[in-house]
Amino acid sequence: MTPTAHLALINASVGDIQGGLGPFLGTWLAQAAHWGPSQVGLVTTIVGFATLALSGPMGALVDRAARPRLLIAAACAMILAGTVLLLPARAFLSVLAAQFVAALGGTLVVPAVTALTLGMVGKQAFPRQQGRNQAWNHVGILGAALVIGFGTASFGPSIAFWVLGVLAAAAIVAALATPAGAWNRRRAVGWKEDEPDDGQERSAILTVLADRRLLILSAALALFNLANGSMLSLLGQKLVAAGQDGTGWTARYVIVAQAVMIPVALFAGSLADRRGRRQLLLAACAVLPLRAVLSALLADPYWLILAEVLDGVASGVIGVAVPVVVADLTWGSGRTQTALGTVAAVQGVGGALSGWVGGLLALHLGWTWAFLALGLPACLALGMVLWLEETCAPGGQDAGGTACGQSGARQAPARPVGAAAGP
C-alpha cells in the first residue's frame, strides 16, 4: 500500500468521527437518558467553546511534537474513548467529560492529518492532495450517514457507536501502518531537507499570526460560518413548520451536500494551482448568498435540493482552500499547524454563533427574512476575500519563496518568513 493510500484511508475514516456522535448525540441522550434539548444544547455549547479555545494549542502541539502518525492515532483513540464513556453516562458532568475527551481528539486530528500530508507530498503537491483528502473525507461521511440511516431501523440508535468504533479503529491502524520514512519533518514545514534540524528556524508565533492576510482570511471565514452554520437546521425547521417531514428531508439534504462535495473537492484541488487560491475562496463566498436567497424564496422541498447543492459547492471548496492558503502564508515558519488551528478557532466562533443568531432571526423576522439576513454576513465574507490579495498565483511564490502552480521540488528554500525565534 502506498503512503497516499494510507492518507486516503485515514481521511475516509476521520471525516465522520471528527465530531464524535455529532448530530446523533441529541437523539441518543433523548432516548437513553431522557434529556431535553436545553441540556443537550448546554453540553454542546460548553464543549464547543472549550475546544475552540484549544484549537490553536493543538496546532502548536502538532508543530512541536513532529509525530503526526502517533498524534492521529492518539486523537482517534480519544474520540473513541470519549464516545465509549458516553454509553453508560447519564449525569450531566459525566456526559460533559465524555464529550470533552472526544472533542479534544477531534480538534487534534485535523492539524495532525494536514501535517502528515505536507510531510509526505510536500508543498508543491499539497493542493491536489488536499483535494483528494477532502474527497475521501466526504466519502467517509456519506458512507457512514447511509449506514446509520438505513441501519437504525434494525439496530437502533446504538449503531452510531458501532460505526464510529469501526472507523476510529481503521484510522488508528492506517496511521500507525503508514511508513515512517514516507514523512519528513523539514519537508512538512518548508525547511531544507538536507540541513540539520537544530530547531532554530521556527518563527515567533505572534509574527506569524499577525500577518494581515491571515487576519483577513480568519475574519472572512468567521463571517462565512456565521452565515452558513445554521442554514440547514433552519431549513429543516422551516419544512416542519410547513407540515413537511423536516427530519427526513434534512437527512436527504446532508447526503446531497456530501455527494456534491466529493467531485468539488477533487476539482478545487487541481484548480488551486491552475487559477490561484483566491479564485477558490471567491467562488465559495459568492455561492453562499445565492444559497441563502434560494432557501428564503423556495418552499418546495424538492426544489430546495438546489440550495444544498450550493452548500456542497461552497463547503467543498472551503475545505480544500483554507489549509492551502494557510500553508502559503506560513510556509517556512514552522508554525503552519499553529496558524491553521488558530484560524479554525476564529472560524468556529462564527459557526457557534450562527445557531443562536439564526434562531433569533427566524423568531423575529420569519423564515424568509431570516435566510435573507443570513446572506448579509455571506456578502461581507465575499468582500473580505476581495480585499485579500492572492497568496500564491500560478508562476508566483508563496510567503516562504516556494514556486506555485509548478510540479517538481517538494522542499521550500532557505529561511522562514518572520523573525526567527526559539522553538
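Analysis parameters
Numbers given to residues run from 1 along each chain, matching the order in which its sequence is written. Given that the model is predicted, a residue must reach a pLDDT of at least 70 before its local features are reported, and side-chain atom pairs must reach 80 or more before they are shown or counted; all residues, however, enter totals for whole chains, interfaces and linings. Hydrogen atoms and water are omitted, and side-chain values are computed over all heavy atoms in the structure. We place a 1 Å grid over just the protein atoms. Points where a 1.4 Å probe fits but has no way out form a cavity, open points with protein on both sides within 12 Å along at least 5 of 7 lines form a pocket, and any residue with an atom within 4 Å of a point lines it. Grid points are joined across faces, edges and corners, and a volume is the space filled by probe spheres set on the points. Only DSSP runs of H or I with at least four residues qualify as helices, and only runs of E with at least two residues qualify as strands; both kinds are numbered from the N terminus onward. A helix is expected to reach a length of 1.5 Å times the quantity of its residues less one. Exposure is judged per residue with a 1.4 Å probe applied to protein chains only, and the accessible area is read against the type maximum: over 50% gives exposed, under 20% gives buried, and values in between give partly exposed. Note on contacts: a residue pair is in contact if any heavy atoms of the two residues lie within 4.5 Å. Residues belong to a common nonpolar core when they are buried Ala, Val, Leu, Ile, Met, Phe, Trp, Tyr or Cys residues joined through side-chain atoms within 4.5 Å.

- The name given to the protein chain in an unreviewed UniProt entry is MFS-type transporter, with the source organism recorded as Methylobacterium crusticola.

1. Quick notes on empty space enclosed by the protein
Phase 1 of the analysis: Summed over the entire model, instances satisfying the criterion amount to two cavities of 30 Å³ or more.
Phase 2 of the analysis: Empty space within the largest cavity amounts to approximately 80 Å³.
Phase 3 of the analysis: Counting only elements with at least two residues in the lining of the largest cavity, the list comes to helix H3 (37–65) and helix H7 (185–189).
Phase 4 of the analysis: With three residues, the single largest contributor to the lining of the largest cavity is H7.

2. Looking at helix H1 (residues 3–17)
Phase 1 of the analysis: Taking 1.5 Å per residue, 15 residues should reach 21 Å; H1 reaches 22 Å between its end C-alpha atoms and fits that length.
Phase 2 of the analysis: Residues of H1 that are buried include every one of His6, Leu7, Ala8, Ile10, Asn11, Ala12, Ser13, Val14, Gly15 and Ile17, and no others.
Phase 3 of the analysis: Residues of H1 that are buried make contact with helix H4 (68–86), helix H5 (92–155) and helix H6 (159–177).

3. As for the nonpolar core
Phase 1 of the analysis: The biggest cluster of nonpolar side chains holds 57 residues, and the ones touching the most others in it are Leu217, Phe224, Leu281 and Val326.
Phase 2 of the analysis: Among the secondary structure elements, those contributing two or more residues to this core are H5, helix H9 (212–228), helix H10 (231–241), helix H11 (246–275), helix H12 (277–297), helix H13 (305–330), helix H14 (336–365) and helix H15 (367–387).
Phase 3 of the analysis: Ignoring anything within four residues of it in the chain, the contact list for Val326 reads Leu214, Leu217, Thr336, Ala339, Leu340 and Val343.
Phase 4 of the analysis: Residues Ala66, Ala115, Phe126 and Ala174 belong to the second largest nonpolar core, which totals 40 residues.

4. Section: the environment of Asp311
Phase 1 of the analysis: Topologically, Asp311 is positioned in helix H13.
Phase 2 of the analysis: Owing to a relative accessible area of 8%, Asp311 belongs among the buried residues under this scheme.
Phase 3 of the analysis: In contact with Asp311, not counting residues within four places along its chain, are Asn228, Ala257, Met261, Arg291 and Gly316.

5. Some thoughts on unusual backbone geometry
Phase 1 of the analysis: Of note, the phi angle at Ala66 is positive, near 55 degrees, even though the residue is not glycine.
Phase 2 of the analysis: Here Ala66 is to be found in the loop between H3 and H4.
Phase 3 of the analysis: With relative accessibility at 6%, the residue Ala66 sits in the buried group.

6. Notes on the side chain of Asp63
Phase 1 of the analysis: Along the polypeptide, Asp63 turns up in helix H3.
Phase 2 of the analysis: For Asp63, a relative accessible area of 6% gives the class buried.
Phase 3 of the analysis: If we ignore the near neighbours within four places in the chain, the residues touching Asp63 are Arg185, Arg202, Gly334, Arg335, Thr336, Gln337 and Thr338.

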